[in-house]
Amino acid sequence: MSEADFEGRTVLVTGGSRGIGRACCLRLGKAGARVAVNYHSRADDALETARQVEALGAEAMTVQANVADETSVADMVARVNERLGSIDMLVNNAGIFEYVDHEHATLEHWKRTIEVNLTGLYIVTWAVKPQMIEKKFGRIVNMSSISALRPRPYGIAYAASKAGMIAFTQSTADALVSHNIRVNAVAPGLIETEIIDDVDQPTIDRLIDQTPMKRIGTPDEIADVVHYLLSEASRFMTGQTLVASGGRVMLP
Ligand code: NAP
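Residues numbered from 1 in each chain as written. Predicted model: local features only at pLDDT ≥ 70, side-chain atom pairs only at ≥ 80, totals over all residues. Heavy atoms only, no water.

Section: empty space enclosed by the protein
It is a probe the size of a water molecule, rolled over the atoms, that shows where empty space is left. On inspection of all chains with the given rule, the structure shows one cavity of 30 Å³ or more. Roughly 60 Å³ of internal volume is contained in the largest cavity. Taken together, T14, V67, N92, N93, A94, V116, N117, G120, L121, V124 and M165 make up the full set of residues lining the largest cavity. When its residues are assigned to classes, the lining of the largest cavity shows six nonpolar, five polar and no charged. (1 Å grid on protein atoms, 1.4 Å probe; cavity = no way out; pocket = protein on both sides within 12 Å on 5 of 7 lines; lining within 4 Å. Points joined across faces, edges and corners; volume = space filled by probe spheres on them. Nonpolar A, V, L, I, M, F, W, Y, C, P; charged D, E, K, R; others polar.)

Regarding the layout of surface pockets
Roughly 1,000 Å³ of volume is contained in the largest pocket. Around the largest pocket, the lining is made up of 42 residues, and of these G95, I96, F97, T193 and I195 lie nearest the centre. Listing elements by their share of the lining of the largest pocket, those giving two or more residues are α1 (19–30), β2 (34–39) and α5 (156–176). Ranked by residue count, the leading element in the lining of the largest pocket is α1, at three residues. Considering the residues around the second largest pocket, the lining is formed by 17 residues, among which G217, E221, A244, S245 and G246 are closest to the centre. Taken together, the residues that form the lining of the second largest pocket break down as seven nonpolar, seven polar and three charged. (Helix = DSSP H or I, 4+ residues; strand = E, 2+ residues; numbered from the N terminus.)

Thoughts on helix α2 (residues 43–55)
Between the first and last C-alpha of α2 there are 18 Å, a value that for 13 residues agrees with the 18 Å anticipated at 1.5 Å per step. Among all positions in α2, only A46, T49, A50 and V53 are buried. For α2, the buried positions fall inside an angular range of 95° around the axis, keeping them on one side. Of the exposed residues in α2, the ones pointing more than 90 degrees away from its buried face are D44 and A55. Here the buried face of α2 lies against α1, β2 and β3 (60–64). Where α2 ends, the next residue or the one after it, G57, has phi of about 95°, a positive value. (Expected span 1.5 Å × (residues − 1). Buried < 20%, exposed > 50% of the residue type's maximum accessible area, 1.4 Å probe, protein only. Arc of directions from axis to C-beta. Contact = heavy atoms within 4.5 Å.)

What about the packing of aromatic side chains?
Summed over the entire model, instances satisfying the criterion amount to five aromatic pairs. Geometrically, the ring pair formed by Y122 and W126 is stacked, given 4.5 Å between the ring centres and 25° between the ring planes. One end of the pair is Y122 and the other is W126, both in helix α4 (residues 107–135) and four residues apart, which spans about a single turn. Residue classification places W126 among the partly exposed residues on the basis of a relative accessible area of 34%. Ring geometry for W126 versus F168: centroids 6.0 Å apart, planes at 55°, classification tilted. Note that W126 is positioned in helix α4 and F168 in helix α5, a separation of 42 residues in sequence. It is R9 that lies over the ring of F137; its NZ or CZ is 3.7 Å from the centre. The positively charged end of K129 is found above the aromatic ring belonging to W126, 4.6 Å away from the centroid. (Phe/Tyr/Trp six-rings, centres within 6.5 Å; stacked < 30°, edge-to-face > 60°. Lys NZ or Arg CZ within 6 Å of the ring centre and 35° of its normal.)

Pasting the structure below:
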């Protein structure tokens, strides 16, 4: 896999302030990309990500936006273009998860989850794709989840949003392939980040027990998959979802 694939490229990572998004920013910065670190509310964490990217010798900026808000996203893309040039690569990583069983799930919870995880995916992709079409180059990776592939009784809205991301990935990949834009997805299993803070320990223990590798994954392990899907090592792949779950979900 050549790091030359990333030299001179501008990448936007949504939700880059922490967790998996931060690991992606660092991996892609290390590969030589210019990195735009999007965040929603935690400016200090985003600045820390950018500082770590710069320490690797790459250019970085932070950019606030709510992915579920079209105006906010348009403004984000304009600011990235102004500072780092047109966007070559996009990691649609921002997401929320609320641990709620069916008795406590409300319509507000459903709408919030779908708006950020699925509508946000549409809004950001649609804001970025014109510049990819114009230059006939684009690489997009969407952060789904194995929740899309197995029942999640305590995260029905989340599972639905993540399954929607896989269908979105396939259809957009087909629609954009003639413009030399590849669109793929990653479906991580349980990864050590703040998003799983609400999950109780017995549940975590049970999930680890169901995992052949008998452990939780790290953000770096997902960033490596994202790096692969953005690189030319995956040049014959589009519309795919790669599962990285320690073997907990095995697709045919
Ligand atoms: P995390 O540590 O909670 O980070 C979530 C990120 O999303 C933060 O950077 C946050 O920004 C950003 N974000 C949330 N709402 C946003 C909005 N409306 N607009 C823009 N940014 C927003 O979670 P994570 O585990 O790294 O999750 C990253 C992605 O991986 C998510 O899509 C998640 O569903 C997926 N995933 C995670 C796991 C896991 O086990 N960890 C497994 C499968 C899939 P602020 O810092 O500003 O709040």
